[in-house]
Amino acid sequence: MDLVLLEKALLALFGAVTLDVFVSKLKGKKFRLPPGPFPVPIFGNWLQVGDDLNHRNLTALAKRFGDILLLRMGQRNLVVVSSPELAREVLHTQGVEFGSRTRNVVFDIFTGKGQDMVFTVYGEHWRKMRRIMTVPFFTNKVVQQYRFGWEDEAARVVDDVRRNPKAATEGIVIRRRLQLMMYNNLYRIMFDRRFESEEDPLFIKLRQLNGERSRLAQSFEYNYGDFIPTSAPFSGATSRSAKRKLSTTKPMDNNGLRCAIDHILDAEKKGEINEDNVLYIVENINVAAIETTLWSIEWGIAELVNHPEVQRKLREELDRVLGPGVQITEPDTHKLPYLQAVVKETLRLRMAIPLLVPHMNLHDAKLGGYDIPAESTILVNAWWLANNPTQWKNPEEFRPERFLEEEAKVEANGNDFRYIPFGVGRRSCPGIILALPILGITLGRLVQNFELLPPPSMDKLDTTEKGGQFSLHILKHYTIVAKPRVF
Ligand code: HEM
């Protein structure tokens, strides 16, 4: 028998036994489970819903089964929540009960089974890590210290694009340059270091490592162990290769400056955390901060190119409030309501983490009148909350004006449960304080300095989505023409 067949046979056997045990346990307890498609033995709903648990597929299921539904993915219960009321229950009212995380095989490797902050269960360790990370990363003081760095990085992007003769004619894939900028925005905070160019060997290595990790983490090929835990040992090869790759991300030396890593190493010296935790903090920033913000910038540019009237209005606001050619800085972003509305509308329609980071209940719980067995994965379909036509006017339209008109009171910080691109409550995104100004500065500088257009021969950019369990990004990294403005 070939190895793959043997693996499948063993997998089925293990699955059958464990599912039997599991089902009899549930029956014994007389659980009232949420509705959902009828599960088949061993695989549950896995074969019906497929490998693609993206926000649109889960929205289609919510339309059939309701605002709370249950999928059995092999052995794992997956609860999908699709109303603002239930989101409030999960993230706020019962925030402690549902404040843990599930991990898959890949994240187990990259976090030492939850020795990090993003993927650890709710409890003392998480509290300590969040406290230790707050001072060096997530305060207004950090923003005021590093905003000059972000402004400088954005200015360098503008210079490079201006200098590139292709930019104004056949066009460029601007994402590549913006990726370098985002790494630098965060590596300045972490290490007071920046990468000189896209060719920097360490930058290339890091990009590869991060790309590989997110590919592995989202790939079902490697993560069936997530749903049928008894098969996890089969993923050993993956674990080893991922671990080998991780070892290349060692914190760099610093110049004795008070950058984030100094604070983190200080906490290690005081015995609050160990060396592994330090590494996992660096790892968390790589996972959570860089690509998420980059995807949002990439979406923002695409929408501005495809909606020239919005782009024009934004440019007019920048010219009027700041004066033509006066380069936008972080304090200016607060004086530019249309820019803020463009950022919010981008995060609404093209939500970078559309299902939030999966939550989990450590113990049996109740939600919406149903029983939720311990250790269920809870996905909040935040994208659907912000794109449901019963809650929003023409949600499929990219219309920043909504945030100045009928939705003027809605902020990105979760003051309205229909709009939670950064989550809300205990496990919400602490990086919002950095992400919003970086988005404002970057989009602002580009629109001030260039007219952003589709490449010759196209009248619109292709905005086909690539949705996954953890992300919503653009399928094709587009080429745009950036025509320099003359002041
Ligand atoms: C546009 C950019 C970003 C978006 C849309 C975003 C969104 C999110 C979301 C939806 C969550 C999960 C919330 C939940 O599970 O309830 C999250 C968690 C997190 N984000 Fe962000 N994020 C962004 C940028 C950043 C940045 C720049 C950083 C760090 C510098 C960051 C650090 C984190 C961390 C550490 C967590 C885990 C919090 C925890 O588990 O306690 N994020 N983010």
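About the cut-offs
- Residues numbered from 1 in each chain as written.
- Predicted model: local features only at pLDDT ≥ 70, side-chain atom pairs only at ≥ 80, totals over all residues.
- Heavy atoms only, no water.
- UniProt positions renumbered as here; feature names shortened; annotations may be inferred.
- Helix = DSSP H or I, 4+ residues; strand = E, 2+ residues; numbered from the N terminus.
- Contact = heavy atoms within 4.5 Å.
- Areas by Shrake-Rupley, 256 points an atom, 1.4 Å probe, with all protein chains shown as cover.
- Buried < 20%, exposed > 50% of the residue type's maximum accessible area, 1.4 Å probe, protein only.
- Polar contact = N/O pair within 3.5 Å; in protein donor to acceptor, adjacent residues only side chain to side chain.
- Pairing = 2+ DSSP bridges.
- Axes fitted to C-alpha atoms, helices over the stretch in contact; angles between N-to-C directions.
- Near = heavy atom within 4 Å.
- Core = buried A, V, L, I, M, F, W, Y, C linked by side-chain atoms within 4.5 Å.

Going by what an unreviewed UniProt entry lists, the chain is known as trans-cinnamate 4-monooxygenase and is assigned to Vanilla planifolia. Quoted verbatim from the Cofactor (unreviewed entry) heading of the UniProt record, the comment on the chain is "heme". You can read under Subcellular location (unreviewed entry) in the UniProt record for the chain the words "Membrane".

Let us now look at the overall build of the chain. When helices and strands are counted, the chain shows 18 helices and 10 strands. Summarising the internal contacts of the chain: among those between residues at least 6 apart in sequence, 73% fall at separations of at least 24. Total accessible area on the chain stands at roughly 21000 Å², and carbon and sulfur atoms take up 55% of it.

As a further point, take the UniProt feature "binding site: heme" (unreviewed entry) in the chain. UniProt's entry tags C429 with the feature "binding site: heme" (unreviewed entry), counted in the numbering of this structure. You can see C429 is positioned in the loop between α17 (382-385) and α18 (432-449). Relative accessible area serves as the criterion here: at 29%, C429 is assigned to the partly exposed category.

Further remarks concern the side chain of E465. Relative to the helices and strands, E465 is located in strand β8 (residues 465-467). Given the relative accessible area of 19%, E465 is considered buried. There is a polar contact of 3.3 Å between the side chain of E465 and the side chain of H55. A polar contact is formed between the side chain of E465 and the side chain of R56, at a distance of 2.8 Å. Those residues in contact with E465 that lie beyond four places of it in its chain are H55, R56, W299, R350, L472, H473 and L475.

Quick look at the pairing of strand β2 (residues 76-81) now. Taken across its six residues, β2 has six buried, putting it largely inside the fold. Examined bridge by bridge, strand β1 (residues 68-73) and β2 share six bridges and lie antiparallel to one another. What sits directly across from R72, in β2, is N77. Counting the residues in the hairpin turn of β1 and β2 gives two residues, including G74, whose phi is positive at 60°. Here four bridges tie β2 to strand β6 (residues 377-380), and the two strands are oriented parallel to one another. Paired with V81 across the bridge in β6 is V380.

Moving on, we get to the sheet that holds β1. With mixed pairing, the four strands of this open sheet are ordered in space as β1-β2-β6-β3. The sheet terminates laterally at β1 and β3 (359-360), the two strands that pair on one side only. This element, helix α3 (residues 55-65), spans β1, β2 and β6 of the sheet and lies at about 120° to β1.

A separate point is the site of the ligand. Neighbouring the ligand are 25 residues; R101, W126, R130, H359 and C429 lie closest to it. Between an oxygen atom of the ligand and a side-chain N or O atom of H359, the distance comes to 2.8 Å. One of the side-chain nitrogen or oxygen atoms of R427 is found 3.0 Å away from an oxygen atom of the ligand. For the shell around the ligand, the secondary-structure elements that each account for two or more residues are α6 (124-137), α13 (275-306) and α18. For the shell around the ligand, the element with the highest residue contribution is α13, accounting for five residues.

Here we come to the nonpolar core. Counting 113 residues, the largest nonpolar core has F137, I174, I189, I301, I420 and L452 as its most contacted members. With 13 residues, α13 is the single largest residue contributor to this core. Excluding anything up to four places from it in sequence, I301 contacts I174, L178, L443, L446, L452, Y478 and I480. Grouped together as the second largest cluster of nonpolar side chains are 13 residues, L61, A62, M73 and L355 included.

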